[in-house]
Amino acid sequence: LITRQFAILLNSGLSVEQALSALIDQLDNQDQKTIMMGVKSEVLSGRPLAASMRMFPKVFPAVYCSLIHAGEQSGSLAKVMTKLAEYSDRTRELTSKIMMALLYPIIVSVVAVVMIIALLVFVVPQVVKVFESSKQELPFLTKALIATSNGLRSYGWVLLIIIAIVVFSIFRLLKQHAYKVRFHRKLLEIPVAGKLLVNIDVARFTHTLSLLLASGVPMISALEAGRDTVKNYMMKNAIDNALQAVQGGVPLAVAMGNENAFPPVVIHLIASGEKSGNLDHLLEQAGSHQELELSHRSQLLTGILEPALILFMGGIVLLIVIAIMLPILNMNKMVM
């Protein structure tokens, strides 16, 4: 929102200092106001806007600052800021699509786990008291249910500690570059979800590269900034290798094609863009194509996960019900 407002103010003819002052006056969030006041202070001290924003790297990412720098160098800061606002909107929409695709399965999973634990910890022990007083031989399924319930009640805290240790160990291992690359490679091999992750990163990368090149940022700088938008380290390594090849004089399409990490349609579009001199436009097309695939794959993944989770939850509850009902039916037969 701040980027959009900044673009509007610059396009209306205000200077950078005036635009920053106007933004600071209308901001309600104190943290945002403090950051923008810091940027304004750096600008007033003689720094360019991009350099001033680089003083706050947690707020303004490298791509953002590179675009601002390109706009200042070319004298078209207002135009670049408008493009940057549109880019921010597109990035936010992409993130929203991912969150919406994952939100329902996450909620169903959490509810399922909580319900099953509640049944085992609170409901099953109450029913078991009836079976214990009857002194009858219990079916295997009922014995297994009772054992699971007793184990969860007695040693649930141990299980939580083990889970915490495993999670902590995984996070520690993932801080090592080699393990992180290996883990991210495995993520890309997951059916449906792996392709979804590729679509997300390639869409981010191609949109970013397109915007940077269209704004006049040199290819090497654009590739470096685009690489920072990619989250998967396998893809990041592939871009690093392609970047080194481009620095050695290899065309971008050939360098990226050699990595076998990017969809063939993206490589073909880049090759066509390099030949026609319209690379930024075709990169934008490649990004839009990846977003379309992302939308279809997220719908497919959601369509698979929703019934699978519901069936799993229903199956566990059904087993619990059967385990409880079998002894009751046996008691009825004994009475008859």
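Heads up: the structure comes first, above all this text.
These notes cover the structure that comes with them. (Residues numbered from 1 in each chain as written. Predicted model: local features only at pLDDT ≥ 70, side-chain atom pairs only at ≥ 80, totals over all residues. Heavy atoms only, no water.)

1. Let's talk about the overall build of the protein chain
Which entries qualify depends on this criterion: In this text, helices come from DSSP runs of H or I with a minimum length of four residues, and strands from runs of E with a minimum of two, each type numbered from the N-terminal end. Throughout, the radius of gyration refers to the C-alpha atoms, and the reference size of a globule is 2.2 Å times the residue count to the power 0.38. Any residue under 20% of the maximum accessible area for its type is buried, any over 50% is exposed, and the rest in between are partly exposed; the area is computed with a 1.4 Å probe on protein chains only. Pairs of residues are marked as contacts when any of their non-hydrogen atoms sit within 4.5 Å. With residues, only the protein chains shown are counted as cover, and all accessible areas are computed by Shrake-Rupley using a 1.4 Å probe. Counted as positive: Lys and Arg. Counted as negative: Asp and Glu, with His and the chain ends omitted from the count. Lysine's charge is taken at NZ, arginine's at CZ, aspartate's at CG and glutamate's at CD.
In terms of regular secondary structure, the protein chain is built from 14 helices and 0 strands. In sequence order, the protein chain lays out its α and β elements as α-α-α-α-α-α-α-α-α-α-α-α-α-α. The C-alpha radius of gyration of the protein chain comes to 28 Å, more than 25% above the 20 Å expected for a compact globule of 336 residues. Viewed in the frame of its principal axes, the protein chain has a C-alpha envelope of about 95 × 50 × 35 Å. Looking at the 336 residues of the protein chain, the share that counts as buried comes to 37%. A separation of at least 24 residues holds for 60% of the contacts in the protein chain among residues at least 6 apart in sequence. Only carbon and sulfur atoms are counted for the fraction: they give 65% of the accessible area of the protein chain, which is about 19000 Å². If the 29 positive side-chain charges of the protein chain are averaged to one point and the 23 negative ones to another, these points end up 9 Å apart.

2. Structural notes on the packing of aromatic side chains
Test applied: Ring pairs shown here join Phe, Tyr and Trp side chains whose ring centres sit within 6.5 Å, with only the six-membered ring taken for Trp; geometry is labelled stacked below 30 degrees between planes, edge-to-face above 60, and tilted in between. Consider the ring centre and the ring normal. A charge sits over the ring if Lys NZ or Arg CZ is within 6 Å of that centre and within 35 degrees of that normal.
Using the criterion set out here, one finds 2 aromatic pairs in the structure. Ring centres of Phe205 and Phe262 lie 6.3 Å apart, and the angle between their planes is 35°; on these two criteria the pair is classed as tilted. Remark: Phe262 occurs in the loop between helix H12 (252-257) and helix H13 (264-276) and Phe205 occurs in helix H9 (residues 193-214); sequence separation between them is 57 residues. Its relative accessible area of 1% is what places Phe205 among the buried residues. Directly above the aromatic system of Tyr233 lies the positively charged group of Lys236, at a separation of 5.9 Å from the ring centroid.

3. Description of the side chain of Ser149
Our working rule: For the purposes of these results, a polar contact is taken to be a pair of N or O atoms within 3.5 Å, where, inside protein, one atom must be able to donate a hydrogen and its partner to accept one; residues adjacent in sequence count only when each atom of the pair is a side-chain atom.
Position of Ser149 among the secondary structure elements: in helix H7 (residues 140-174). A distance of 2.5 Å separates a polar side-chain atom of Ser149 from the backbone oxygen of Leu120.

4. Observations concerning the environment of Leu14
Mapped onto the elements of the fold, Leu14 is located in the loop between helix H1 (2-11) and helix H2 (16-26). With a relative accessible area of 30%, Leu14 lands in the partly exposed category. Counting along the chain gives 64 residues from Leu14 to Ala78, while the straight-line C-alpha distance between them is 9.8 Å. Among residues more than four places away in sequence, those in contact with Leu14 are Leu9 and Ala19.

5. Some details on a nonpolar patch on the surface
Counted only if it meets this: A patch consists of residues exposed above 30% relative accessible area that lack any salt bridge, with like charges linked at up to 9 Å and nonpolar side chains (Val, Leu, Ile, Met, Phe, Trp, Tyr) linked at up to 5 Å. Each salt bridge in this description consists of a side-chain nitrogen of Lys or Arg and a carboxyl oxygen of Asp or Glu lying within 4 Å of one another.
Nonpolar side chains collect at one region of the surface, where Leu318, Val321, Ile322, Met325, Leu326, Ile328 and Leu329 lie side by side and expose about 530 Å² of accessible area between them. Structurally, the position occupied by Ile322 is in helix H14 (residues 279-335).

6. Regarding helix H3 (residues 30-44)
We count it as follows: Each residue after the first adds 1.5 Å to the expected span of a helix.
With 15 residues, H3 ought to run about 21 Å at 1.5 Å a step, and its terminal C-alpha atoms sit 21 Å apart, in line with that. Those residues of H3 that fall on the buried side of the exposure criterion are Lys33, Met36, Gly38, Val39 and Val43. Tucked into the core, H3 has its buried residues touching H1, H2 and helix H4 (49-53). Capping the start of H3 is the job of one residue whose side-chain oxygen sits 2.9 Å from the backbone nitrogen of Asp31: Asn29.

7. Section: the pattern of salt bridges
A complete count under the given rule lists 8 salt bridges for this structure. Here Glu189 makes a salt bridge to Lys186, at a shortest N to O gap of 4.0 Å. Asp228 serves as the salt-bridge partner of Arg227, at 3.7 Å between the closest nitrogen and oxygen. Each of Arg4, Asp89 and Arg92 takes part in salt bridges that share partners, so that together they form one network.

8. Details of the environment of Met36
Within the secondary structure, Met36 is located in helix H3. Between the alpha carbons of Met36 and Phe171 there is a distance of 34 Å; along the sequence they are 135 residues apart. If sequence neighbours within four positions are ignored, Met36 has contacts with Ile2, Leu20, Leu23, Ile24, Leu27 and Phe60.

9. Quick notes on the packing of H1 against H2
The criterion, for reference: Lines fitted to C-alpha atoms define the axes here, with helix axes fitted over just the stretch in contact, and angles between the N-to-C directions of these axes take values from 0 to 180 degrees. We call two directions roughly parallel when the angle between them is under 35 degrees, roughly antiparallel when it is over 145, roughly perpendicular when it lies between 65 and 115, and oblique otherwise. Should the near helix be turned counterclockwise from the far one by less than a right angle, the crossing is left-handed, whereas a clockwise turn marks it as right-handed. Charged means Asp, Glu, Lys or Arg here, nonpolar means Ala, Val, Leu, Ile, Met, Phe, Trp, Tyr, Cys or Pro, and polar covers whatever is left, Gly included.
Axis separation between H1 and H2 bottoms out at 9 Å; the angle between their running directions is 135°. The pairing of H1 with H2 is recorded here as oblique in orientation. Considering only the axes of H1 and H2, their crossing is right-handed. Along the contact surface, H1 presents Ile2, Gln5, Phe6, Leu9 and Leu10, while H2 presents Val16, Ala19, Leu20, Ala22, Leu23 and Gln26. Considering only residue class, the contact of H1 with H2 consists of 9 nonpolar, 2 polar and no charged.

10. Points about the nonpolar core
Going by this rule: In this description, a nonpolar core means a group of buried Ala, Val, Leu, Ile, Met, Phe, Trp, Tyr and Cys residues linked to one another through side-chain atoms lying within 4.5 Å.
If you look at the biggest cluster of nonpolar residues, it comprises 61 residues, and the most contacted ones within it are Phe6, Leu49, Met53, Ile68, Met81 and Phe262. Counting residues in each nonpolar core, the second largest holds 11 residues, with Ile116, Leu119, Leu145 and Ile324 among its members.

11. Brief notes about helix H11 (residues 233-247)
Using the following cut-off: Read the arc as the range of directions from the helix axis to the C-beta atoms.
Here H11 contains 15 residues, and its C-alpha end-to-end distance of 21 Å stays within 8% of the 21 Å for a straight helix at 1.5 Å per residue. Within the span of H11, buried status applies to Met235, Lys236, Ala238, Ile239, Ala242, Leu243 and Val246. Angular distribution of buried residues about the axis of H11 spans 160°; they occupy a single face of the element. On its buried face, H11 sits against helix H8 (177-188), H9, helix H10 (219-227) and H12. Following H11 by one or two positions, Gly249 has its phi on the positive side, about 100°.

Scope: geometric values only; no functional claims are made or implied.
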